[in-house]
Amino acid sequence: MSLWVVITIFFAYHLQFLKADFEFEKFFPLDDPDITFYEKHLSHFGYDNDYLLIILENNNGVFRQDFLQKIAQLTASIRSEEGVIQVGSPLDFQQPIKAPLGVTLVPLIHLENQELYPQDSARMFAHPIYRHFFGIDGRSLLVQVTHQHFEDPVSADLLVNNLNQLLTQEHFDHYRLAGKLVAQKAFIGYIQSDFILFLASALVVSFLLLILVFRSVKVSLMPYLISVTSLIWLLGLMALLGQTITILGSLIPPVILFVSTSDAIHLINAFRAGEQPDFITRLKTAIHKVLTPTFLTSVTTAIGFFSLVTIDTEPIRFLGMFCGIGIMVSFIITFAFGPLLIHQSYPPRKPGTATRYLAIWVIRHYRVVLAGTTLLVILSVAGLYLLKTDARLLDDLPADSEVRQDFEFVDTHYGGSKPWEMAYWPKDPDRSIWEEEVMREAHKIHQYLLKEYPMERLWSPVTFAMYGHQMINGGSSSAFEMPDTQNYHRAIRTVRPYTRKPEVPSLIGKNEHYARFTGFIPEFGSFETIQKDQELLSYLEAHINHDVIEYRLTGTTYLIDKSHGMLSANLMRGLLIAISVISLILGIYFRSLKILLISLIPNIIPLLATAGYMGLAGISLKLTTSIIFAVAFGIAVDDTIHFISVYRRQKARNRIYRMINTFQTAGKAMSITTLVIVSGFVLFLFSSFGATYYLGLFLSLSLTIALIIDLTLLPLLLHFTENKNSL
């Protein structure tokens, strides 16, 4: 007992060092060639999502001097903020125009001369590049802030908070902020609030449920202390290892608190069912009865979580690894320290009549059970065909979230908030990006992206070439186009000196052999974006001269969408691994291929039903909901193991009596553990965070269906396969 207390205090001390974290980069696929390429791409241009988009609104229109002056003051203040690299505002734009005496820089907005505002606005809204810095209704404009890459969320939050303070001080009619740091801050906020909410709720609800089930505070105390200890040890271990709570890590407390009670509940039920008068003998007998089955159920549940490691995304691997560890820690605590908490005064368990009636009903109405199961499978298969993989990361935020609404505003009024990138380079390493043949091949890509993808706020070396043509034609917006062969070299010579200026987007690598297309797209969803990327690649395959240039999709949006695109394959791989390993364990334990197959059927049906429901309800599969299948299988198979184990231990000759006795012992314990576990996942339904809500919904659904199948179909499978002529 002293050892237990000392270890618990040790891990509890380290809880103060546990912090929340969220980075979009952690959703990238791991161990992937595209990651290696992206890391090389970063050495040329840096991260494509290190920006903040500030939308400033003025109800009377943007071309008002007082409004523009406030923007000038704001941008000057932002430039002095730590971590800011560059601020791009329409007020800072200058248009170089080629004149007989050289190049003249003409401001696009004459801030101090209101008489020129009509001309300035006409020039801005007519230009293919400049017009995208203004809202479609003419009442807002965009300021883009490029910042350093923050590894520390505290520093990132400081910049966002400082910007909000500056924006508030200027008293704009309204302002909006969009960008990775804003979304990251929102996600971390929900992670922290969910973590605290679920931890507090789970601590209270789990204890109340145990009291309700056992109708005794004394009896309830043992499984409750086991689950709380398991959670403290696990979270303390995470803090000791320097781990942080990620987007899915907030689910760990309720998962461990509720799932870890299962072993203790089975141990208590076995003890209370014992008839030995001696306390020690009764306790030893109870441990002997449940030790092996509970060890198997702990292993199978842990395997369900560990199988998530096969999904190439860090937050999912994190959840799978530590939940699996937590389950095994709970098993060790249950049987190492749990018996010390069991008191000889625990009241004996009385056989329930409800489970007896249920057993008789199932056997008598087997046709109803089989028909209902068949109908469920048919509907599930139909829904499965409608299930698709799609993700909109910000959909996890509530619909009334200010952050989500700001991103949607940028998507609607400014063509998109998500960065998009493609790298390209001449196939011949001795050729330059500036060579005309290379540029004309790039122009095909540029035009496709503008017109067919479509994409706005698009920049590439082709933009420079078109800008050069505009410069040598007096700065007319109509001249912003690809120069013909006769004017190409003159346009390039004119524009080239300006492409290295700090305020100009970095589009060409230092060796001038590597370049990029960079732009913004709306939140199409991963499914549609992947389709658009595939259509682009098909077009390029047919129309680009591959002897001149080579290209490759890259960037944060592409990598996250690729993770979602690989989701189905990764999900099936993880689930098959979990099923295979668990099947091997069950085969060894039961020593019967027939029993092995019987045990798998009731646990595959709930997964099929959950996937079918998702398809019929139009709920897409994505990274944060993909974990439910392996986890549900690992948890649900526990009840099957206990039911079959108890059934095989029955000594009554009459098979009906054996089934009734099994229902009265294992059936009651299964119902209790499922009630406790499902109640834990039901708590997730109170989250306003989409990922948490859907996990709670689908895990509760799948485990409830699993219990129903285990108490209806499983008994019939055992009954019929043992004696075909019994009914």
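Residues numbered from 1 in each chain as written. Predicted model: local features only at pLDDT ≥ 70, side-chain atom pairs only at ≥ 80, totals over all residues. Heavy atoms only, no water.

**Quick word on empty space enclosed by the protein**
Applied cut-off: The rule is simple: put a 1 Å grid over the protein atoms alone, call a set of points where a 1.4 Å probe fits but cannot get out a cavity, call an open set with protein on both sides within 12 Å along at least five of seven lines a pocket, and count a residue as lining if it has an atom within 4 Å of a point. Grid points are joined across faces, edges and corners, and a volume is the space filled by probe spheres set on the points. Only DSSP runs of H or I with at least four residues qualify as helices, and only runs of E with at least two residues qualify as strands; both kinds are numbered from the N terminus onward. Throughout, the ten residues Ala, Val, Leu, Ile, Met, Phe, Trp, Tyr, Cys and Pro are labelled nonpolar, Asp, Glu, Lys and Arg are labelled charged, and all others, Gly among them, are labelled polar.
Inspection of the entire model under this criterion finds four cavities of 30 Å³ or more. Every residue along the wall of the largest cavity is listed here: Val259, Ser262, Ile635, Ala636, Asp638, Asp639, Thr673, Thr674, Ile677, Leu703, Ala706 and Leu707. Among the elements that take part in the lining of the largest cavity, helix H22 (residues 628-649) stands out by supplying four residues, more than any other. When its residues are assigned to classes, the lining of the largest cavity shows seven nonpolar, three polar and two charged. Volume-wise, the second largest cavity comes out at about 80 Å³. If you go around the second largest cavity, the residues you meet are Val259, Ser260, Ser262, Asp263, Thr297, Ser298, Thr301, Ile327, Ser330 and Asp638. If you list the elements that add at least two residues to the lining of the second largest cavity, you get helix H9 (261-273), helix H10 (279-306) and helix H11 (314-341).

**Things to note about helix H18 (residues 526-543)**
Basically, it comes down to this: Residue count minus one, scaled by 1.5 Å, sets the expected span of a helix. Only protein chains enter the calculation, and the probe is 1.4 Å; a residue is then buried if its accessible area is under 20% of its type maximum, exposed if over 50%, and partly exposed in between. By arc we mean the arc of the directions from the helix axis to the C-beta atoms, nothing more. By definition, residues are in contact when any of their heavy atoms lie within 4.5 Å.
A rise of 1.5 Å per residue sets the reference length of H18, with its 18 residues, at 26 Å; its end C-alpha atoms lie 25 Å apart and thus fit the reference within 8%. Listing the buried residues of H18 in full gives Ser526, Thr529, Lys532, Asp533, Leu536 and Leu540. Seen along its axis, H18 keeps its buried residues to an arc of 125°; they face one direction. Residues of H18 that are exposed and angled more than 90 degrees away from the buried face: Glu541 and Ala542. Against the buried residues of H18 lie strand E7 (418-426), helix H15 (436-451), strand E9 (515-521), strand E10 (549-554) and helix H19 (556-565).

**Some thoughts on the nonpolar core**
Our working definition: Think of a nonpolar core as a cluster: buried Ala, Val, Leu, Ile, Met, Phe, Trp, Tyr and Cys residues, connected wherever their side-chain atoms sit within 4.5 Å.
Core analysis: the largest hydrophobic core is formed by 113 residues, its most contacted members being Met238, Ile252, Leu308, Phe629, Phe643, Phe681 and Leu718. A total of 14 residues in this core trace back to one element, the largest contributor, which is H22. Ranked by size, the runner-up nonpolar core spans 98 residues in total, among them Val62, Ile78, Ile129 and Val548.

**Topic: helix H1 (residues 2-13)**
Across its 12 residues, H1 extends 17 Å between first and last C-alpha, which sits within 8% of the 16 Å expected from 1.5 Å per residue. Among all positions in H1, only Trp4, Thr8 and Phe11 are buried. The buried side chains of H1 occupy one side of the element, clustering within an arc of 70° when seen end-on. Among the exposed residues of H1, those oriented more than 90 degrees off its buried face are Ser2, Leu3, Val6 and Ile9. On its buried face, H1 is in contact with helix H7 (217-240) and H11.

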